[in-house]
Amino acid sequence: MAAPMKWKRLVFSAYTPAFSWVFTRITDRFFRAHDRRRGSAVLLLAPLLAEADSAPLASSRPPGFTGVESLHSRFHWMADHVPAFKVPGGHIRVLHSPDEFYQAMKARIKTAKSRVVMASLYLGTGPLEQDLVDCMEEALERSQEDHTPDLKVSFLLDYTRGSRGKHNSRTMLLPLLQRFPEQMRVSLYHTPDLRGLLRLLVPERFNETIGVQHIKAYLFDNSLIISGANLSDSYFTNRQDRYVLLEDCKEVADFFAELVGAVGDVSMQLLPDNSVEMMEGRVHPYKGNRADFSESAQRRIMEVVNTARIRQSMLKTECSDHPDSNGTSPNDTWIFPLVQMKPLGIHLDEQVTKRLLTEAGGDAVVYLTSGYFNLTRTYMQLVLGAEADYRILMASPEVNGFFGAKGVAGAIPEAYVHLARQFYNKVCQLGQQSRVHLHEYHRPDWTFHAKGLWYYVGGRDCPCLTLIGSPNFGYRSVHRDLEAQIAIVTENEELQTQLQQEQEVLYQSSTQVSNSTFNQPDRHVKLWVKLVTPLIKNFF
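The rules behind the values
Residues numbered from 1 in each chain as written. Predicted model: local features only at pLDDT ≥ 70, side-chain atom pairs only at ≥ 80, totals over all residues. Heavy atoms only, no water. Core = buried A, V, L, I, M, F, W, Y, C linked by side-chain atoms within 4.5 Å. Buried < 20%, exposed > 50% of the residue type's maximum accessible area, 1.4 Å probe, protein only. Domains from an automatic or database assignment. Contact = heavy atoms within 4.5 Å. Helix = DSSP H or I, 4+ residues; strand = E, 2+ residues; numbered from the N terminus. Expected span 1.5 Å × (residues − 1). Arc of directions from axis to C-beta. Pairing = 2+ DSSP bridges. Phe/Tyr/Trp six-rings, centres within 6.5 Å; stacked < 30°, edge-to-face > 60°. Lys NZ or Arg CZ within 6 Å of the ring centre and 35° of its normal. UniProt positions renumbered as here; feature names shortened; annotations may be inferred. Axes fitted to C-alpha atoms, helices over the stretch in contact; angles between N-to-C directions.

(A) View of the nonpolar core. Counting residues in hydrophobic clusters, the biggest one holds 113 residues, and the most contacted among them are Phe256 and Phe423. Taken together, domain 1 (70–88 + 334–539) and domain 2 (90–320) each give at least three residues to this core, which thus spans both. Ignoring anything within four residues of it in the chain, the contact list for Phe256 reads Ala217, Leu219, Leu224, Ile226, Pro337, Ala484 and Ile486. Within the second largest apolar cluster, 46 residues are counted, among which are Leu140, Leu151, Tyr235 and Met278.

Shown next as structure tokens:
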């Protein structure tokens with residue numbers, strides 16, 4: 001038995017992210033040759049270890065820019081590249097806690113009349129998640145009692161994460177799919193980068209490191225919650241994230257319903273017998289040609305983005321000579337949806353984020369947070385080379401989502417400590433300690449998953465812009481996963497105050513990082529973790 005066990009340990013040791021890139025390279029080479037024989041275009045695989053920099057959008061900031069001009073003129077350039085939705089700031093509400101997020105979803109599911117759209121990495125399998133599913137079942141039953149079952153429920157989840165284990169996201173939703181087949185749709189996105197030899201060799205959990213569907217958007221009729229939170233019990237109880245509720249914002253809700261629908265169209269469809277199939281005429285993500293899948297998916301998704309951008313531009317032109325129709329709810333806020341799907345050749349969020357960081361001048365203060373602090377090289381260079389002040393909030397080891405995990409995953413918090421120390425050392429080497437500050441979030445019995453930024457200009461006490469959604473500003477978010485967030489630019493003082501309070505509450509639970517932070521016993525990083533981190537940091 002000794003020899004077989006030794007062989008088994010050796011094989012499973014290869015199933016770590018550090019070795020995944022080797023299998024990907026081999027698979028990539030094989031499929032490149034196979035695709036050339038079929039006459040396909042060059043593969044669009046995202047880079048694995050080396051970062052390919054995408055140029056930021058060209059700046060239109062005039063010489064002598066002082067930062068005192070209107071918010072519209074400062075940020076209007078986004079509308080040249082993504083849709084711009086002008087909405088009343090009074091229709092936007094910041095949610096502060098996991099329970100508030102959970103209760104808001106349940107309440108709106110129960111009253112939904114036409115549509116419920118849920119995009120997440122996965123749906124958990126506990127009692128809280130079952131209660132959410134039960135709310136949907138009640139809403140679907142009620143719609144059928146009206147003899148006009150107009151309510152449609154659509155889920156977009158990741159195939160690998162949603163299929164993990166025997167009892168999983170798929171089995172949670174099967175009863176609804178079986179009972180309401182005409183009203184229920186479950187789409188499971190499968191990354192085109194997990195294919196061939198790589199897909200055969202990499203087991204559950206580890207296969208999620210290659211790339212996932214990571215968008216978190218929850219839509220109920222014409223209302224929408226954008227968040228970084230998944231549909232799982234910890235995100236409803238003691239895992240801190242960010243959440244913003246847009247009430248009665250039909251055009252924004254329509255856009256996200258169409259975006260999620262487009263991703264769903266290029267995903268596998270869950271059937272009532274728990275099997276999956278692609279929609280007719282669609283390229284299979286791992287059996288079909290890699291380039292053909294990416295090209296087809298990009299075309300379908302960008303059709304939604306470009307159609308909305310053109311439509312909003314035309315509406316702006318038509319309404320430019322007319323004041324807001326409702327004086328009690330002025331349209332004083334702009335919503336810019338930012339999409340990042342590098343495996344499909346879509347990188348709008350990356351370009352906009354780069355330009356925001358590039359143009360953050362001496363009059364700006366940026367509060368940036370990530371549950372997994374692992375900035376891309378480009379973002380790091382922009383932060384270190386900027387004039388703006390930065391306050392960066394990250395998870396302390398004990399609130400990291402991997403803290404206490406079994407096996408190799410248990411060392412991931414140490415890897416983040418190592419990455420944070422490297423960044424802090426660079427700040428010190430460049431003499432930027434007075435401009436760039438690191439903070440660690442602490443909260444007993446909680447974990448930290450918040451991401452995004454708050455952007456202050458001209459010495460104002462409240463932010464005028466925030467980014468909120470699924471991206472973490474790391475390599476995975478830029479290169480591997482499907483991501484979406486929104487930029488909210490607002491002149492609404494009440495909304496600005498809400499955003500300021502949100503930022504304050506999060507940072508009040510933090511301590512500022514100094515040299516002594518990394519000398520604490522719980523910040524000790526094992527030598528093997530230091531050696532392995534450069535190999536695996538692009539996978540988490």
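(B) Molecular detail of the environment of Ala450. Along the chain, Ala450 turns up in the loop between strand 17 (447–448) and strand 18 (452–457). Classification of Ala450 by relative accessible area gives buried; the value is 0%. Taking the C-alpha atoms as reference points, Ala450 and Ile468, separated by 18 residues in sequence, lie 9.0 Å from one another. Residue contacts for Ala450: discarding those within four places in its chain leaves Gln240, Asp241, Arg242, Thr369, Ser370, Gly371 and Leu506.

(C) Broad picture of helix 5 (residues 127–145). Along its 19 residues, helix 5 runs 27 Å from first to last C-alpha, staying within 8% of the 27 Å computed at 1.5 Å per residue. Regarding helix 5, the residues found buried are Glu129, Leu132, Val133, Cys135, Met136, Ala139, Leu140 and Ser143. Taken around the axis of helix 5, the buried residues stretch over an arc of 145°, which confines them to a single face. Exposed side chains of helix 5 directed beyond 90 degrees from the buried face belong to Pro127 and Glu145.

(D) Quick look at the pairing of strand 19 (residues 465–469). Of all the 5 residues making up strand 19, 5 are buried; the element is thus mostly covered by neighbouring parts of the structure. The alternating pattern of strand 19 places Leu465, Leu467 and Gly469 and Thr466 and Ile468 on opposite faces, both of which are buried. The pairing of strand 18 with strand 19 spans 3 bridges and is antiparallel. In the sheet register, Leu453 faces strand 19, and the bridge partner there is Leu467. Bridging between strand 19 and strand 20 (residues 483–490) involves 5 bridges; their strand directions are antiparallel.

(E) A look at the packing of aromatic side chains. Taken as a whole, this structure holds 15 aromatic pairs when the rule is applied. Both rings, one in Phe75 and one in Tyr455, keep their centres 5.6 Å apart while their planes meet at 85°; by these two values the pair is edge-to-face. Separated by 380 residues along the polypeptide, Phe75 in helix 3 (residues 71–75) and Tyr455 in strand 18 bring together distant segments of the chain. You can call Phe75 buried: its relative accessible area is 3%. Joined through ring pairs, the aromatic side chains of Phe101, Tyr102, Tyr218, Phe236 and Tyr243 make up one cluster. The cationic tip of Arg161 hangs over the ring face of Tyr122; the distance from NZ or CZ to the ring centre is 3.7 Å. The ring of Tyr286 has Arg199 lying over it, and the distance from NZ or CZ to the ring centre is 3.7 Å.

(F) Spotlight on the UniProt feature "domain: PLD phosphodiesterase" (unreviewed entry) in the protein. Listed under "domain: PLD phosphodiesterase" (unreviewed entry) in the UniProt record, and renumbered for this structure, are residues 209–235. The span residues 209–235 is 11% helical and 33% strand by assignment, and the distance between its end C-alpha atoms comes to 21 Å.

(G) Inspection of the environment of Tyr416 at higher detail. With respect to the element layout, Tyr416 can be found in helix 14 (residues 412–429). Accessibility expressed as a relative area gives 7% for Tyr416, which makes it buried. In this structure the C-alpha to C-alpha distance between Tyr416 and Tyr372, which are 44 residues apart in sequence, comes to 7.3 Å. Filtering out sequence-adjacent residues up to four positions away, Tyr416 remains in contact with Tyr372, Phe373, Asn374, Asn400 and Phe540.

(H) View of the sheet that holds strand 10 (residues 268–270). Strand order in this open sheet of 9 strands is 2-9-7-6-3-4-5-10-11, and the pairing throughout is mixed. The sheet is open, and its two borders are formed by strand 2 (92–95) and strand 11 (276–278), each paired with just one other strand. Averaged over all adjacent pairs, the angle separating strand axes in this sheet is 20°, with direction ignored. The sheet contact formed by strand 3 (residues 115–119) and strand 4 (residues 152–158) spans 5 bridges and is parallel. From the neighbouring strand, Ala119 faces strand 4, where its bridge partner is Leu156. Against the sheet, helix 7 (residues 169–179) contacts strand 4, strand 5 (184–189), strand 10 and strand 11, and its axis sits at roughly 155° relative to strand 5.

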